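Secondary and tertiary structure notes
Spelled out from the first residue to the last, the chains are:
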Amino acid sequence: MSTLSRLEKTLFRLQAQHACLAHAFAAIANRPGPVVELGLGLGRTFDHLRRHLPDHEIHVFDRVNGAYEDCQPDPALLHLGEIEETLPALAGRLAGRVVLANSDLGSHDRDGNRQVAGMSARLLPPLMAPGGLILSDLPLALEGFEALPPPEGVREGCYYLYRRSA
Ligand SMILES: C[S@@+](CC[C@H](N)C(=O)[O-])C[C@H]1O[C@@H](n2cnc3c(N)ncnc32)[C@H](O)[C@@H]1O
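Now for a look at the structure at hand. Being a predicted model, the structure only gives us computed values, none of them experimental.

Looking at the site of the ligand
Near the ligand you find 19 residues, and of these G39, R44, T45, D62 and D104 are the closest. Between an oxygen atom of the ligand and a main-chain N or O atom of L40, the distance comes to 3.5 Å. Contacts to the ligand include E82, whose side-chain N or O atom sits 3.5 Å from a nitrogen atom. Surface burial for the ligand is 84%, taken as the share of its 610 Å² of free accessible area covered by protein chains. Here the ligand occupies the largest pocket. Counted by class, the shell around the ligand contains six nonpolar, six polar and seven charged residues.

Side note on helix 1 (residues 6–27)
Taking 1.5 Å of rise per residue, the 22 residues of helix 1 would be expected to cover 32 Å, and the 31 Å separating its terminal C-alpha atoms lies within 8% of that figure. The inward-facing, buried residues of helix 1 contact helix 2 (44–52), strand 4 (98–103), strand 5 (128–136) and strand 7 (160–164).

Things to note about the pattern of salt bridges
Think of it this way: side chains of opposite charge can pair up when their charged atoms draw near. The full count for this structure, using the stated rule, is six salt bridges. Between R51 and D47 there is a salt bridge whose closest N-O contact spans 3.0 Å. With R51 and D47 both in helix 2 and four residues apart, the pair spans about one turn of that helix. In this structure, E82 engages R63 in a salt bridge whose closest nitrogen and oxygen atoms are separated by 2.7 Å. Separated by 19 residues along the polypeptide, E82 in the loop between strand 3 (78–80) and helix 3 (83–86) and R63 in the loop between strand 2 (58–62) and strand 3 bring together distant segments of the chain. Using a relative accessible area of 30% as the deciding quantity, one classes E82 as partly exposed. Of the residues examined, R63 reaches a relative accessible area of 56% and is grouped as exposed. A single network of salt bridges, built from pairs that share partners, joins D47, R50 and R51.

Conventions we followed
- Residues numbered from 1 in each chain as written.
- Predicted model: local features only at pLDDT ≥ 70, side-chain atom pairs only at ≥ 80, totals over all residues.
- Heavy atoms only, no water.
- Near = heavy atom within 4 Å.
- Polar contact = N/O pair within 3.5 Å; in protein donor to acceptor, adjacent residues only side chain to side chain.
- Areas by Shrake-Rupley, 256 points an atom, 1.4 Å probe, with all protein chains shown as cover.
- 1 Å grid on protein atoms, 1.4 Å probe; cavity = no way out; pocket = protein on both sides within 12 Å on 5 of 7 lines; lining within 4 Å.
- Sits in = over half its atoms within 2 Å of the grid points.
- Nonpolar A, V, L, I, M, F, W, Y, C, P; charged D, E, K, R; others polar.
- Helix = DSSP H or I, 4+ residues; strand = E, 2+ residues; numbered from the N terminus.
- Expected span 1.5 Å × (residues − 1).
- Contact = heavy atoms within 4.5 Å.
- Salt bridge = Lys/Arg side-chain N within 4 Å of Asp/Glu carboxyl O.
- Buried < 20%, exposed > 50% of the residue type's maximum accessible area, 1.4 Å probe, protein only.

In structure tokens form, the structure reads like this:
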């Protein structure tokens, strides 16, 4: 049996996600450029992103719109369908410009997690601006990115932070 309960794992993951997002908001405060949210889900992290980055265009991706009524993205920036198809379709518009991407695609399916982590690692890098940040709920094998240590107080292995080399 794992030393942490399911409740503790969820708690630490959400704390880590919140702290990594806070780090990213400070890091990109004065940087214009689009933001990408992979995994709308219930819209929780999208709601957080839009409150802290009101001047950024936030492109949101999921296969379905299951977000709370009060966490709905701008329909013009909501891209529904398989990310393998919807994200490359925006390459011309986003290439080299994204200052922050949050990849929140994980589930309890290990094989599925391997697959979505591979997809994010393959599709996100060409979109990222120099110095742009990728946050992820899964570890990503990214070339040309530096893995940053978790913010203070955050447990290792709960959420991941990468910065594109300038
Ligand atoms: C963990 S949930 C996202 C939680 C969300 N960020 C929140 O805070 O409410 C993961 C989401 O990723 C979506 N997803 C996973 N793989 C996908 C894929 N290949 N294409 C499109 N959506 C995908 C699922 O439909 C699910 O809604």
